[in-house]
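Listed below, chain by chain, are the residues.
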Amino acid sequence: MSTAARPVPTVPAIHPIRVVFIEDDEDVRLGSVQALDLAGFAVDAHGSVEQARPHVQAGLPIVVVCDVRLPGMTGTEWLRELHALDSGLPVILITGHGDIAMAVQAVQDGAYDFIEKPCSSERLVSVVRRAADKRQLLMEVHTLRRQLDGWHGIQATLIGRSAQMERVRRLVRALAAAPADVVIYGETGTGKDLVARCLHDHSARRRGHFVPVNCGGLPENLVESELFGHEVGAFTGAIRRRIGKFEHAHGGTLFLDEIESMPLAVQVKLLRALHERSIERVGSNDPVAVDCRVIAASKEDLRLLSEQKKFRSDLYYRLGVAFIELPPLRERREDIPLLFEHLTLQSARRYGLPAPMVDGAMLASLMAHTWPGNVRELRNVADRFVLGLLGEDITGALGAQAPQRTLPEQVEQVERVLITEALRQHLGDVSAAARALGVPKQTLYDKRRRLQIDPAEFRAED
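Here we summarise the structure given alongside this text. Model, not experiment: these values are computed from the prediction. In this numbering scheme, every chain counts its residues from 1 along its sequence in written order. Two thresholds apply to this predicted model, a pLDDT of at least 70 for residue-level local features and 80 or more for giving and counting side-chain atom pairs, whereas whole-chain, interface and lining totals are computed over all residues. The side-chain quantities take in all heavy atoms of the structure and omit both hydrogens and water.

Let us now look at the overall build of the protein. A helix here means a DSSP run of H or I that spans at least four residues, while a strand means a run of E at least two residues long, and both kinds are numbered starting from the N terminus. Within the protein, the regular secondary structure consists of 20 helices and twelve strands. Buried positions account for 47% of the 462 residues belonging to the protein. The long-range fraction of contacts in the protein, counting pairs at least 24 apart against all pairs at least 6 apart in sequence, stands at 71%. For accessible areas, the Shrake-Rupley method is used with a probe of radius 1.4 Å. Any residue's cover is judged against the shown protein chains and nothing else. As presented, the protein carries roughly 22,500 Å² of accessible surface, and 52% of it is formed by carbon and sulfur atoms. Under the scheme applied here, a residue whose accessible area is under 20% of the maximum for its type counts as buried, over 50% as exposed, and between as partly exposed, the area being computed with a 1.4 Å probe on protein chains only. We call two residues contacting when some pair of their heavy atoms lies within 4.5 Å.

Quick look at the structure:
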């Protein structure tokens, strides 16, 4: 994986990018500062590198715009110093006509771009804005990576900053230590297996086996043998005793995925095993005591299936002690930047390839996609992205989707993400979050009520 930081576009950062501008001609400096100020940039203007140097440090949200020919240290000399200080810092050089060859070489040596004198205000603002966008994206990816690096335990496995995922993590944390059986609901690809694994890994049974069984992938005539085992001669081909999944999970956790597909005849025996905590191997009348926790997962409503006589109601009520419902990815779009960054870095490590850059157009497509395959589909896209198989048309690669969201819907989504992140950073303190966002406290109260964002959701993770 590449060690160079790579920008991943997300929502706008709370802190804007500042411009450090160095120009020894006072008239040019004043005019340029006015143009940048009118464009919405905060500008620190200086007449020399020596004056500007104390205002530039690694990791700051800044862009440097520097004349090449200056008293004292030149712009190209300072470029080398800045590149060594912070290789991701965009440095834009201002050049006279005779310095263009030098500026082109500087770009090859790491400068972001160069502007030839005399330049229009539009040209200056355009180049600075592009550089600021790049710096802002780089700052955001550093934030994402710090969060990923700082997370541990359940938070590092069930990734997401949305209120929905925070609720899921709280439920997992609460249920992990409990002995109760659990049913996990969620669409295909939402990560039901990860939740089951978390429940096991953070329980007192973590030293026992975690035994996953895909009930939908077992031949009907072998389901009973797979679950409960069999004795020698129990049926044709049973030439040795087999320990079933239930027995193998003794002292640990049995995970029954797609339990809704389990044949009704086997559900009867599963109910008995859960009730008595013992099983009988196929071909045997001797009960075998089994101490295991059962976690079931379904993409369909088991209660509704039981009402339709497609799933045993007594088994539903026996399993249905505690429930965890996983939200589809389309309902927690604010998690997509963090998840995609995590999955892309995972993929880059797995394939031994550098992690490529994500541009704004690609992220917009990722955020607009409906993700019928959920996180599993997102992982697939991350793999293809790292392998260079997506091509330039990311929208076409993702396939035709539902109509694009309206402008008000997109604005609401951006507001939700920004407010959520500000409340998270300030642990639910609405006043502090309002100051960080630069809005009156009452405005933030109104917005969070409209968006149904509860500040109490944003307490520090354990």
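Covered by surrounding structure in strand β12 (residues 322-325) are Ala 322 and Ile 324 only, the residues Phe 323 and Glu 325 on the alternate face being uncovered. When strand β6 (residues 182-185) meets β12, the two strands line up parallel, connected through four bridges. Along β12, the bridge assignment pairs Val 182 with Ala 322. Strands pair, by our definition, only if DSSP identifies at least two bridges between them.

Let's shift gears to the packing of aromatic side chains. Ring pairs shown here join Phe, Tyr and Trp side chains whose ring centres sit within 6.5 Å, with only the six-membered ring taken for Trp; geometry is labelled stacked below 30 degrees between planes, edge-to-face above 60, and tilted in between. Here the structure, examined in full by the defined rule, presents six aromatic pairs. With centroids separated by 6.0 Å and ring planes inclined at 20°, the aromatic side chains of Phe 210 and Phe 255 adopt a geometry described as stacked. Residue Phe 210 is found in strand β7 (residues 210-214), and its partner Phe 255 is found in strand β8 (residues 253-257); the two are separated by 45 residues along the sequence. Note on accessibility: Phe 210 and Phe 255 belong to one class, buried. Ring geometry for Phe 340 versus Phe 385: centroids 5.7 Å apart, planes at 40°, classification tilted. Linking Phe 340 in helix α14 (residues 336-351) with Phe 385 in helix α16 (residues 374-386), this pair joins segments that are 45 residues apart in sequence. For the pair Phe 340 and Phe 385, one class covers both residues: buried. A cation sits over an aromatic face here: Arg 350 above Tyr 351, 5.2 Å from the ring centre. The rule for a charge over a ring is simple: NZ of Lys or CZ of Arg within 6 Å of the ring centre, and within 35 degrees of the ring normal.

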